[in-house]
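# Commentary on secondary and tertiary structure
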Amino acid sequence: MSRKKHCNIPIFIPELACSHQCVFCNQEKISNTFSVPTPNEIGQIIDRYLATISEGTEINIAFFGGSFTGIPREEMIHYLKVAHTYVKTGKVQGIRISTRPDYITNPILDILEQYGVTAIELGAQSTNDKVLVKSGRGHRFDAIENAAKLIRKRNFELGLQMMLGLPYDTLELSLQTARDIVRLKADTTRIYPTVVVKGTVLEKMYEKGEYQTLSMEDALSWSKEVLKIFNEAGVKVLRVGLHPSEELELGKSLVAGPIHPSFKEMVLSELWGDVFKDKQLHKGKSIIHVAKNQLNYAIGYKGKNRNALLTKGFDIKFVADENLKDFELDVCYN
Ligand code: SF4
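Residues numbered from 1 in each chain as written. Predicted model: local features only at pLDDT ≥ 70, side-chain atom pairs only at ≥ 80, totals over all residues.

For soluble globular proteins, nonpolar side chains are generally found buried alongside one another. With 67 residues, the main nonpolar core has Ile-61, Tyr-79, Ala-83, Ile-120, Leu-160 and Val-267 as its most contacted residues. At seven residues, helix 3 (residues 73-88) tops the list of elements feeding residues into this core. A domain split of this core shows at least three residues from each of domain 1 (6-261) and domain 2 (269-333). Apart from the residues within four sequence positions on either side, Ile-61 is in contact with Ile-9, Ile-11, Ile-46, Ala-83, Tyr-86, Val-92 and Ile-95. (Core = buried A, V, L, I, M, F, W, Y, C linked by C-beta atoms within 7 Å. Buried ≥ 20, exposed ≤ 12 C-beta atoms within 10 Å, placed from the backbone. Helix = DSSP H or I, 4+ residues; strand = E, 2+ residues; numbered from the N terminus. Domains from an automatic or database assignment. Contact = placed C-beta atoms within 7 Å.)

Here it is, written out as structure tokens:
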């Protein structure tokens, strides 16, 4: 069965002169690096993307970067009007926006609804008040709860993004954040371990020894545990971990933190490692069937799971099976 392809047309709208000071954010860098696109430029960006996307793809325009609903109202409506023309002509199927929880009100949702927005992603980051305060977010959990409830009452897809390892965070608090995201009925989530970026409050805290990043080992194991909660609840995980980019590299913008090009693969590999630990496998030769999209993760990052099983006396061949999904597996013994 062939699955429909999805594609987002990303449009970065920096929220210049943001009045908040999240400890992990370097606003000065954002303001100096990015200019705010005009509605005209947005049309050009969308057209450029559309020319390269094959027919039959489900396309969304995604306004990301800052807090979309925090930009001046007139400007926001200008952007939405341009994007909406593409929805109305059927060239794109939806509009996604990301914003802060405390920038969601019913009048704002009225506007988003009017101009065809289909998905709203909130940077929840944590549901613990102390973590939110220590991270300089400028709002508490009740703002996340209120926004999620307002969004849920309407026909939007709700995304709640979380960060791991913020100041004062613990594994238990991160697990609670994941459970709260499930309870607030999010459709989607993103999981980002916190990294220290140059020019941020967090950098100063890190230099003074007041903040420590998660080790790579902890970042992987915390991500794995929250991922289990989301998988079990059917919350779609759109992203796990940060990738190094030209900018986000040690010695450039990145000061410290768990970042790896294969972060997601490593987390899923750990998760499959747990699946095999829980499963009573018989020693000797066997064939394990897993879903096609899970095959590499089941084998493990750099063959980690297969090698671990082999050293314990399990001689396993992994095979993709189109009839299985997610973390289902079938074991055949020879
Ligand atoms: S992350 Fe925080 S400080 Fe940075 S732009 Fe968003 S709200 Fe403002």
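Next comes the rest of the description.
A word on the environment of Ser-174. Residue position: Ser-174 is located in helix 7 (residues 171-183). Beyond its immediate sequence surroundings of up to four residues, Ser-174 is in contact with Leu-164, Asp-169, Trp-222 and Val-226.

Glancing now at the packing of helix 9 (residues 216-233) against helix 10 (residues 263-278). At their nearest, the axes of helix 9 and helix 10 sit 9 Å apart, and the two run at 65° to each other. Judged on the interaxial angle alone, helix 10 and helix 9 are roughly perpendicular. In the crossing of helix 9 with helix 10, the sense of the turn from one axis to the other is right-handed. In contact with Leu-220, Ser-221, Ser-223, Lys-224, Leu-227 and Lys-228 of helix 9, helix 10 contributes Met-266, Val-267, Glu-270 and Leu-271. In the contact of helix 9 with helix 10, the residues fall into five nonpolar, two polar and three charged. (Axes fitted to C-alpha atoms, helices over the stretch in contact; angles between N-to-C directions. Parallel < 35°, antiparallel > 145°, perpendicular 65-115°, else oblique. Left-handed = near helix turned anticlockwise from the far one by under 90°. Nonpolar A, V, L, I, M, F, W, Y, C, P; charged D, E, K, R; others polar.)

With 12 residues, helix 6 (residues 141-152) extends 16 Å between its outermost C-alpha atoms, agreeing within 8% with the 16 Å of an ideal straight helix rising 1.5 Å per residue. Within helix 6, burial applies to Ile-144, Ala-147, Ala-148 and Ile-151. Taken down its axis, helix 6 places every buried residue within 100° of arc, on the same side. Looking at the buried positions of helix 6, the neighbouring elements they touch are helix 4 (106-114), strand 4 (117-125) and strand 5 (157-164). (Expected span 1.5 Å × (residues − 1). Arc of directions from axis to C-beta.)

Turning our attention to the sheet that holds strand 4. With parallel pairing, the seven strands of this open sheet are ordered in space as 1-2-3-4-5-6-8. Strand pairing shows two members of the sheet lacking a second neighbour, strand 1 (6-13) and strand 8 (236-240), which therefore form its edges. Sheet twist, expressed as the average angle between the axes of neighbouring strands with direction ignored, equals 20°. The pairing of strand 3 (residues 94-99) with strand 4 spans five bridges and is classified as parallel. Of the residues in strand 4, the one forming a bridge with Ser-98 is Glu-121. Together, strand 1 and strand 2 (58-65) form the strand contacts of helix 2 (residues 39-50), whose direction differs from that of strand 1 by roughly 155°. Against the sheet, helix 9 engages strand 5, strand 6 (188-193) and strand 8, with an angle of about 170° to strand 6. (Pairing = 2+ DSSP bridges.)

The description of two packed helices rests on the angle between their axes and on the distance between the axes. Here helix 2 crosses helix 3 at 30°, and the two axes come no closer than 9 Å. It follows that helix 2 is roughly parallel to helix 3 by the angle criterion. Crossing handedness for the pair helix 2 and helix 3: right-handed. Every residue of helix 3 that contacts helix 2 at Pro-39, Ile-42, Gly-43 and Ile-46 is listed here: His-78, Tyr-79, Val-82 and Tyr-86. Here the contact of helix 2 with helix 3 is built from residues that sort into six nonpolar, two polar and no charged.

A few words now on the pairing of strand 6. Taken residue by residue, a regular strand's side chains alternate between the two faces of the sheet. Bridging between strand 5 and strand 6 involves six bridges; their strand directions are parallel. By the bridge assignment for strand 6, Gly-159 is matched with Thr-188. Since strand 5 and strand 6 lie parallel, the crossover through helix 7 that links them has a hand, and here it is right-handed. (Right-handed = clockwise from strand over helix to strand, strands pointing away.)

On to the pairing of strand 4, then. Of all nine residues making up strand 4, seven are buried, and the element is well covered by its neighbours. What joins strand 3 to strand 4 is helix 4, and the crossover it makes is right-handed. One ladder, built from six bridges, connects strand 4 with strand 5; its direction is parallel. Paired with Ile-120 across the bridge in strand 5 is Leu-158.

A few words on the domain arrangement of the protein chain. One can read the domain layout of the protein chain as domain 1 (6-261) and domain 2 (269-333). Each of domain 1 and domain 2 was reduced to a C-alpha centroid, and the two centroids are 33 Å apart. Taken together, the contacts link six residues of domain 1 with four residues of domain 2. For the side of domain 1 that touches domain 2, a count of residues per class yields two nonpolar, two polar and two charged.

We now examine the environment of Glu-207. Along the chain, the position of Glu-207 falls in helix 8 (residues 201-207). A C-alpha to C-alpha distance of 22 Å links Glu-207 and Glu-217, two positions 10 residues apart in sequence.

Pairing is mixed in the open sheet, where three strands are placed in the order 11-10-12. Edge strands, defined here as strands with exactly one partner in the open sheet, are strand 11 (314-320) and strand 12 (329-333). Taking the axes of each pair of neighbouring strands and ignoring which way they run, one obtains an average angle of 25° across the sheet. Both strand 10 (residues 284-290) and strand 11 contribute to a ladder of seven bridges, which runs parallel. Bridging from a neighbouring strand, Lys-285 pairs with Asp-315 of strand 11.

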